[in-house]
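# Observations on the model geometry
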Amino acid sequence: QVQLVESGGTSVQPGGSLRLSCAARRSIGNFYTMAWYRRAPGKERELVASTGPTTTYAASVQGRFTISLDKQKDTMFLQMNDLKPEDTADYFCNGWDRSAGITYWGQGTRVTVSS
């Protein structure tokens, strides 16, 4: 069964904002960490932001993106502000259930930033 489902990706103009959501079919409290990754065209997957024991951001999104969790709704968000063309990518949510030894991935949502 699909455990994580992303939504919110669309086409946006540079400087615009977008909020991505990742709905979990399990309690996100069971994840040791949750994170957003992205894969730009022709590039490998990279970590965008993660939260858990600590919160981290890729240098390229620092100050523009914010990762957050709504534990009541078992949903993770990625608020993206001041979007740039280089942010164009497929964005994936990730959850690591360390106790079960399983990493879950969503199928991705596409963000396109262009004029």
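Here, every reference points to the structure presented above.
Predicted, not measured: the structure shown is a model, and the values here were computed from it.

## A look at the packing of aromatic side chains
Applying the stated criterion to the full structure yields 3 aromatic pairs. Seen from their ring centres, phenylalanine 31 and tyrosine 104 are 5.8 Å apart, and the 70° between their planes marks the pair as edge-to-face. Of this pair, phenylalanine 31 sits in the loop between β3 (18-24) and β4 (33-39) while tyrosine 104 sits in strand β10 (residues 102-105); the two residues are 73 residues apart in sequence, bridging distant segments of the chain. An identical accessibility class is assigned to phenylalanine 31 and tyrosine 104; each is buried. The ring of phenylalanine 77 has arginine 19 sitting right over it, with the charged end atom 4.2 Å from the ring centre. The ring of tyrosine 32 carries the charged tip of arginine 98 above its face, separated from the ring centre by 3.9 Å.

The rules we used
- Residues numbered from 1 in each chain as written.
- Predicted model: local features only at pLDDT ≥ 70, side-chain atom pairs only at ≥ 80, totals over all residues.
- Heavy atoms only, no water.
- Phe/Tyr/Trp six-rings, centres within 6.5 Å; stacked < 30°, edge-to-face > 60°.
- Helix = DSSP H or I, 4+ residues; strand = E, 2+ residues; numbered from the N terminus.
- Buried < 20%, exposed > 50% of the residue type's maximum accessible area, 1.4 Å probe, protein only.
- Lys NZ or Arg CZ within 6 Å of the ring centre and 35° of its normal.

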